[in-house]
Amino acid sequence: MPIPANAWLLLAIGLASGVASGLFGIGGGVLIVPALVLLAGFSQHMAIGTSLAVLLPPVGLGAVLAYYREGNVDFRAAILVAVALFVGGWLGGQVANYLGGVQLRLLFGLFVVGIGGYMTVSALRTLLG
């Protein structure tokens, strides 16, 4: 049975996000959400919920194993962050469900642009000394 075109798109989104996750520690909010909205036609809320469902089981297990083999994982810190992430995720989900799709998309865009601007300026300062 052939895989439908939409399934190929979803597989491509997952593959690109997985590579970015392994390289940079990003994926869900920064890549999967915009890709689902812009390429797959999901609503902002549906994209966020789907991204969270995608990340719940694997949470970058392959990348974690690669980093662990090199001694680059602090499980005590990871557990503390995970507990806080659980609580924060619940709180953020509660707030997001009260916002409209356009407001949520605007906040997301401002968040990503802000982080991107900060990282770009920081890297340029380091490079240019």
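Every value quoted in this text rests on a predicted model; they were computed, and no experiment measured them.

1. Points about a nonpolar patch on the surface
Taken together, L15, V19, L23, F24, I26, V30 and L31 make up a surface patch of nonpolar side chains, about 660 Å² in accessible area. Going through the elements one at a time, α1 (5-24) and α2 (28-38) are the ones with two or more residues in the nonpolar patch. If you tally residues by element for the nonpolar patch, the top one is α1, at four residues. The residue V30 is located in helix α2 in this model. Owing to a relative accessible area of 37%, V30 belongs among the partly exposed residues under this scheme.

2. Considering the layout of surface pockets
The calculated volume of the second largest pocket comes to roughly 210 Å³. Lining the second largest pocket, in full, are F24, I26, V30, F111, V112, I115, G116 and M119. For the lining of the second largest pocket, the element with the highest residue contribution is helix α6 (residues 101-128), accounting for five residues. Taken together, the residues that form the lining of the second largest pocket break down as seven nonpolar, one polar and no charged.

3. Here we look at the packing of aromatic side chains
Considering all chains together, one arrives at one aromatic pair under this definition. Between Y68 and F75, the aromatic rings sit 5.4 Å apart at their centres with planes inclined by 55°, giving tilted as the arrangement. Exposure remark for Y68: the relative accessible area of 49% places this residue in the partly exposed category.

4. Looking at helix α3 (residues 44-55)
Quick reminder: α-helices carry 3.6 residues per turn. Residues three or four places apart thus point the same way. The first and last C-alpha atoms of α3 sit 17 Å apart over twelve residues, in line with the 16 Å expected at 1.5 Å per residue. For α3, the complete set of buried residues consists of Q44, A47 and S51. The buried residues of α3 occupy an angular sector of 60° when the element is viewed end-on, so they sit on one face.

5. Description of the pattern of salt bridges
Applying the stated criterion to the full structure yields one salt bridge. Across the pair R76 and D74 runs a salt bridge, and its minimum N-O distance is 3.9 Å. Exposure remark for D74: the relative accessible area of 41% places this residue in the partly exposed category.

6. A closer look at the confidence of the model for the protein chain
Averaged over the protein chain, the pLDDT score is 84; the fraction of residues at 70 or greater is 90%. Of all secondary-structure elements in the protein chain, the lowest mean pLDDT belongs to helix α4 (residues 61-69), at 82, while α6 reaches the highest, 91.

Thresholds applied
- Residues numbered from 1 in each chain as written.
- Predicted model: local features only at pLDDT ≥ 70, side-chain atom pairs only at ≥ 80, totals over all residues.
- Heavy atoms only, no water.
- Patch = residues over 30% accessible without salt bridge, like charges linked within 9 Å, V, L, I, M, F, W, Y side chains within 5 Å.
- Areas by Shrake-Rupley, 256 points an atom, 1.4 Å probe, with all protein chains shown as cover.
- Salt bridge = Lys/Arg side-chain N within 4 Å of Asp/Glu carboxyl O.
- Helix = DSSP H or I, 4+ residues; strand = E, 2+ residues; numbered from the N terminus.
- Buried < 20%, exposed > 50% of the residue type's maximum accessible area, 1.4 Å probe, protein only.
- 1 Å grid on protein atoms, 1.4 Å probe; cavity = no way out; pocket = protein on both sides within 12 Å on 5 of 7 lines; lining within 4 Å.
- Points joined across faces, edges and corners; volume = space filled by probe spheres on them.
- Nonpolar A, V, L, I, M, F, W, Y, C, P; charged D, E, K, R; others polar.
- Phe/Tyr/Trp six-rings, centres within 6.5 Å; stacked < 30°, edge-to-face > 60°.
- Expected span 1.5 Å × (residues − 1).
- Arc of directions from axis to C-beta.
- pLDDT = per-residue confidence, 0-100.

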